[in-house]
Amino acid sequence: MPGPTFPTTAELYARHVIPTYARFPLAMVRGRGTRVWDEGGREYLDFTSGIAVNSLGHAHPALRDALAAQADELVHTSNLFLTRPQALLAARLEKMVGIRGKVFFCNSGAEANEGLYKLARKHGAPHGRHEIITLDASFHGRTLGGIAATGQSKVKLGFGPPVDGFINVPARIECVANATGPRTAAVLVEPIQGEGGVRPLSPDFLRALRALCDTHGILLFYDEVQCGLGRTGHWCGWHSAGAADAEPDAVSWAKGIGGGFPLGGFWVREAYADLLGPGTHGTTYGGSPLACAAANAVFDTIEKESLLANARERGSQLRKAVGQLTLVHEVRGAGLLLGAEIGDFEPHEGEEGAPALRLTKRLIKAGLLVVPAGEQTIRLLPPLNVTTEECDAAVAILREVLAVAQPLV
Ligand SMILES: Cc1ncc(COP(=O)(O)O)c(C=O)c1O
């Protein structure tokens with residue numbers, strides 16, 4: 001095996017890359033399916049999927065071939081022109097939602113939500129409505145609008161004054177109702193909160209939100225950036241949350257849509273689909289033929305390989321096995337968007353941070369990659385094509401690592 005190259009990747013980062021992320025010090029070089037390898041040749045079981053992005057795992061031939069074939073034809077042409085991959089993807093997304101409407105394409109989740117904020121304002125402006133109600137513990141992205149919408153105060157620190165017109169409230173219908181007034185334009189929620197610790201909203205709450213919005217003429221938006229597009233074993237996160245009847249007026253996506261190729265977008269009901277007319281909104285890269293070809297291949301493969309069913313089955317397997325492990329208090333979520341809440345445990349010498357972070361670091365050392373969410377929850381987000389054996393292997397690592405953690409009472 002070749003020795004390390006100097007300066008090392010970590011040294012180059014320390015010198016040249018703005019330190020916005022508290023990264024784990026592993027430089028990844030290669031992935032196949034549910035496995036990744038770092039620069040030192042060490043293999044890991046990847047239950048992060050790049051934070052709910054690599055729906056088909058690493059280096060899936062269908063995604064690779066679709067990217068290669070499209071790259072050979074046309075990578076980018078801007079939204080000055082039409083392209084067939086974008087048109088086909090928009091039609092597919094409408095079919096997935098199951099309600100007549102139209103789609104806008106962009107590049108990320110934060111940007112997809114920005115489109116929703118603009119849609120809410122455009123719809124509300126003639127009636128003096130511009131406020132958007134969101135929930136505590138929510139996460140909607142890192143733009144200025146995104147951190148105003150996000151309910152977690154840690155993302156806002158140091159970036160004031162906040163963008164006007166966002167109200168964060170606890171996830172209870174009376175709190176949303178109390179915040180609703182003549183200036184309210186929309187309510188935006190994640191049917192299953194991801195970054196906030198994998199917390200599904202109750203179906204009754206989602207239905208009550210729909211009724212409240214109908215009563216007041218307010219738009220209901222779902223941020224499905226993390227919980228959408230099959231991750232939960234259903235195409236739509238609100239279906240997994242048990243509220244298929246609480247239909248939204250608009251939905252945002254990103255993450256899994258391109259299987260790792262950057263793409264975001266939102267769908268909006270037919271009645272509001274022409275509010276953002278020519279010249280009102282746009283982005284140079286959004287919905288490039290390359291990105292849309294990737295997304296179409298992801299959709300084809302999820303269908304062809306029955307990955308929604310696999311996500312549900314492997315999700316049940318993991319939920320059952322992980323729920324029985326020592327130190328695990330609760331497993332929340334749906335399909336392969338799972339959060340295991342753990343109790344605190346004795347830190348080893350030199351170990352710092354919340355329990356979720358300390359456990360994540362121990363798991364990495366043992367060869368399993370997971371994502372912390374909040375202080376007490378680790379997220380298990382394997383690709384939708386993860387196998388029974390890979391889930392068993394991940395549980396075995398978790399069991400081994402948790403067995404030696406000394407609970408703190
Ligand atoms: C629910 C939700 N919305 C929005 C975002 C922001 O997406 P992006 O990081 O692509 O901007 C995220 C990212 O974690 C998310 O989980």
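Every value quoted in this text rests on a predicted model; they were computed, and no experiment measured them.

## Re a nonpolar patch on the surface
Residues L144, F159 and V163 make up a contiguous nonpolar surface patch of about 280 Å² in total accessible area. Take F159: it is sitting in the loop between α6 (144-149) and β6 (166-169).

## Section: the pattern of salt bridges
One pass over the full model with this rule turns up 19 salt bridges. We note a salt bridge from D245 to R207, for which the minimum N-O separation is 2.9 Å. Taken together, the residues span a long stretch of sequence, with D245 in the loop between α9 (237-240) and β11 (250-253) and R207 in helix α8 (residues 203-216) at a distance of 38 residues. When its relative accessible area of 33% is taken as the criterion, R207 is described as partly exposed.

## Digging into helix α3 (residues 61-73)
Because the α-helix completes a turn every 3.6 residues, residues three or four places apart line up on one side. Here α3 is 13 residues long and its end C-alpha atoms lie 18 Å apart, about the 18 Å a rise of 1.5 Å per residue gives. In the core, the buried residues of α3 are packed alongside α4 (84-97) and α10 (289-304).

## Overview of the side chain of N310
Relative to the helices and strands, N310 resides in helix α11 (residues 307-323). N310 gets classed as buried once you look at its relative accessible area, which sits at 15%. With residues up to four places along the chain from it excluded, the contact list for N310 reads G315, L384, N385 and V386.

## Quick word on the site of the ligand
As a matter of local geometry, the ligand sits amid 13 residues, with G109, A110, D223, Q226 and K255 nearest to it. E195 has a polar side-chain atom sitting 3.4 Å from an oxygen atom of the ligand. One nitrogen or oxygen atom from the side chain of Q226 is found 2.8 Å from an oxygen atom belonging to the ligand. Relative to its unbound accessible area of 390 Å², the ligand is 81% covered by the protein chains. Residues that form the shell around the ligand fall into these classes: three nonpolar, six polar and four charged.

## So, the layout of surface pockets
The method is simple in principle: a probe with the dimensions of a water molecule rolls over the atoms, and the space it marks as empty is what remains. Of the pockets and cavities examined, the second largest pocket occupies roughly 720 Å³. Lining the second largest pocket we find 27 residues, and of these N79, Q86, V103, F104 and F105 sit closest to its centre. Of all the elements in the fold, those that place two or more residues in the lining of the second largest pocket are α4, β4 (101-106) and β12 (264-269). Broken down by element, the lining of the second largest pocket gets its largest block of residues, four residues, from β4. In terms of residue class, the lining of the second largest pocket is built from 15 nonpolar, ten polar and two charged.

## Overview of the pairing of strand β13 (residues 328-334)
Burial runs high along β13: five of the seven residues are buried. Across six bridges, the pairing between β13 and strand β14 (residues 337-342) is antiparallel. Directly across from V331, in β14, lies its bridge partner A340. Hairpin connection of β13 to β14: two residues between the antiparallel strands, including G335 at a positive phi of 55°.

## So, helix α13 (residues 388-403)
With 16 residues, α13 extends 22 Å from end C-alpha to end C-alpha; this agrees with the ideal 22 Å at 1.5 Å per step. What α13 keeps buried is the set E390, C391, A394, V395, I397, L398, V401 and L402. What you see down the axis of α13 is that its buried residues fit within an arc of 160°, all on one side. Set apart from the buried face of α13 by more than 90 degrees, the exposed residues are E389, E400 and A403.

## A few points about the sheet that holds β13
Spatially, the four strands line up as an open sheet ordered β13-β14-β17-β16, and their pairing is antiparallel. Of all the strands in the sheet, just β13 and β16 (371-373) have a single pairing partner and so form its edges. Direction aside, neighbouring strands of the sheet carry axes that sit 30° apart on average. Set on the sheet, helix α12 (residues 355-365) makes contact with β14, β16 and β17 (377-380); between it and β17 the angle comes to about 45°.

## Comments concerning the environment of L229
Mapping L229 onto the fold places it in the loop between β10 (219-223) and α9. Overall, L229 belongs to the buried group, its relative accessible area being 4%. If near-sequence neighbours (up to four positions away) are discounted, L229 is found in contact with L93, M96, H234, W235, W253, A254, G256, I257, F299, I302 and L384.

Parameters at a glance
- Residues numbered from 1 in each chain as written.
- Predicted model: local features only at pLDDT ≥ 70, side-chain atom pairs only at ≥ 80, totals over all residues.
- Heavy atoms only, no water.
- Patch = residues over 30% accessible without salt bridge, like charges linked within 9 Å, V, L, I, M, F, W, Y side chains within 5 Å.
- Areas by Shrake-Rupley, 256 points an atom, 1.4 Å probe, with all protein chains shown as cover.
- Salt bridge = Lys/Arg side-chain N within 4 Å of Asp/Glu carboxyl O.
- Helix = DSSP H or I, 4+ residues; strand = E, 2+ residues; numbered from the N terminus.
- Buried < 20%, exposed > 50% of the residue type's maximum accessible area, 1.4 Å probe, protein only.
- Expected span 1.5 Å × (residues − 1).
- Contact = heavy atoms within 4.5 Å.
- Near = heavy atom within 4 Å.
- Polar contact = N/O pair within 3.5 Å; in protein donor to acceptor, adjacent residues only side chain to side chain.
- Nonpolar A, V, L, I, M, F, W, Y, C, P; charged D, E, K, R; others polar.
- 1 Å grid on protein atoms, 1.4 Å probe; cavity = no way out; pocket = protein on both sides within 12 Å on 5 of 7 lines; lining within 4 Å.
- Points joined across faces, edges and corners; volume = space filled by probe spheres on them.
- Pairing = 2+ DSSP bridges.
- Arc of directions from axis to C-beta.
- Axes fitted to C-alpha atoms, helices over the stretch in contact; angles between N-to-C directions.

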